[in-house]
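This is what each chain is made of:
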Amino acid sequence: MVKLSEATVAAFQRDGAVLIKGLWADWVEDLRAGVARNMAEPGPYAAENLKPGEAGRFFDDYCNWQRIPEFERVIKGSDVAEVAAALMQSERVQMFHDHVLVKEPGTAKPTPWHSDGPYYFVQGAQTVSFWSPLDRVTQASLRCVAGSHLWEKDVLPTRWLAETAFYPNPDAYMPVPDPDAEGMRVLEWEMEPGDAVAFHYRTLHGARGNEAGARRRAFSLRLLGEDARYVERPGRTSPPYPDHGMVAGQRLREDWFPVLRG
């Protein structure tokens with residue numbers, strides 16, 4: 001059982017990101033098998049995130065847990081819902097989606113700075129994502145800007161390849177900052193397989209390229225708390241979930257997004 005200290009919960013609330021050692025240490029082989037299945041049988045949202053001529057491979061895909069049994073076992077069998085409840089300070093924990101990101105060796109392209117919240121059709125203070133490497137990482141770990149989940153404005157969502165605004169109203173958002181150049185406090189950890197970074201949906205984050213000699217496989221899980229509600233966006237969201245039938249202010253439908261706790 002993964003136990004969280006009060007200091008860890010307080011750090012998550014303050015900084016919007018914390019390291020959870022060994023969250024899925026007992027589930028690494030299941031997750032590796034699930035990622036292998038996902039890459040062999042990509043879903044409809046799978047993407048390759050490199051431009052022609054860029055070295056390496058940067059694969060990602062999401063919303064596959066219901067067709068990949070290894071992912072479902074981890075989501076329902078691990079301590080992740082209890083950990084999420086403690087971090088979010090929410091009795092209720094609801095599923096949103098899974099996400100796989102794989103950078104093969106020699107992939108120089110970084111994951112651009114972004115926050116996930118503006119891409120999603122949910123809003124709320126009680127949200128948490130878990131990003132877990134399935135290979136040891138030293139320089140290709142997730143990087144999170146401390147306190148960015150508390151910024152007044154959301155960060156502009158962009159399309160990673162085209163580098164254009166994701167929605168038709170870019171003025172509603174703050175420009176994507178350059179945290180290193182602007183001297184922001186960036187949280188970054190060396191991580192073992194099964195460790196996880198827990199971060200809020202509004203936390204600004206990114207990752208360096210993988211110029212090491214080994215691949216970097218990562219599994220992410222997005223969960224919701226009691227106050228999370230459906231919100232209208234000015235365009236197609238990511239994930240899109242077409243024909244969901246929800247209206248603004250509603251909790252996400254439980255037949256598509258099951259309650260894991262509470």
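Just above sits the structure.
Remember, predicted model here, so these are calculated numbers, not experimental data. (Residues numbered from 1 in each chain as written. Predicted model: local features only at pLDDT ≥ 70, side-chain atom pairs only at ≥ 80, totals over all residues. Heavy atoms only, no water.)

1. Side note on the pairing of strand S10 (residues 196-199)
Item 1. What you see with S10 is no split at all: Ala-196 and Ala-198 on one side and Val-197 and Phe-199 on the other are buried throughout.
Item 2. With 4 bridges connecting them, strand S1 (residues 17-20) and S10 associate as antiparallel partners. The partner of Val-18 across the bridge, within S10, is Ala-198.
Item 3. Both strand S7 (residues 127-133) and S10 contribute to a ladder of 3 bridges, which runs antiparallel. Paired with Phe-130 across the strands is Ala-198, a residue of S10. (Buried < 20%, exposed > 50% of the residue type's maximum accessible area, 1.4 Å probe, protein only. Helix = DSSP H or I, 4+ residues; strand = E, 2+ residues; numbered from the N terminus. Pairing = 2+ DSSP bridges.)

2. Some thoughts on unusual backbone geometry
Item 1. With an omega dihedral of -5 degrees, the bond running from Ser-238 to Pro-239 counts as a cis peptide bond.
Item 2. Unusually for a residue other than glycine, Gln-89 sits at a positive phi of about 60 degrees.
Item 3. Note that Gln-89 resides in the loop between helix H4 (80-88) and strand S4 (93-103).
Item 4. On the accessibility criterion, Gln-89 (52% relative accessible area) is exposed.

Note that all results are geometric; they support no functional claim without further evidence.
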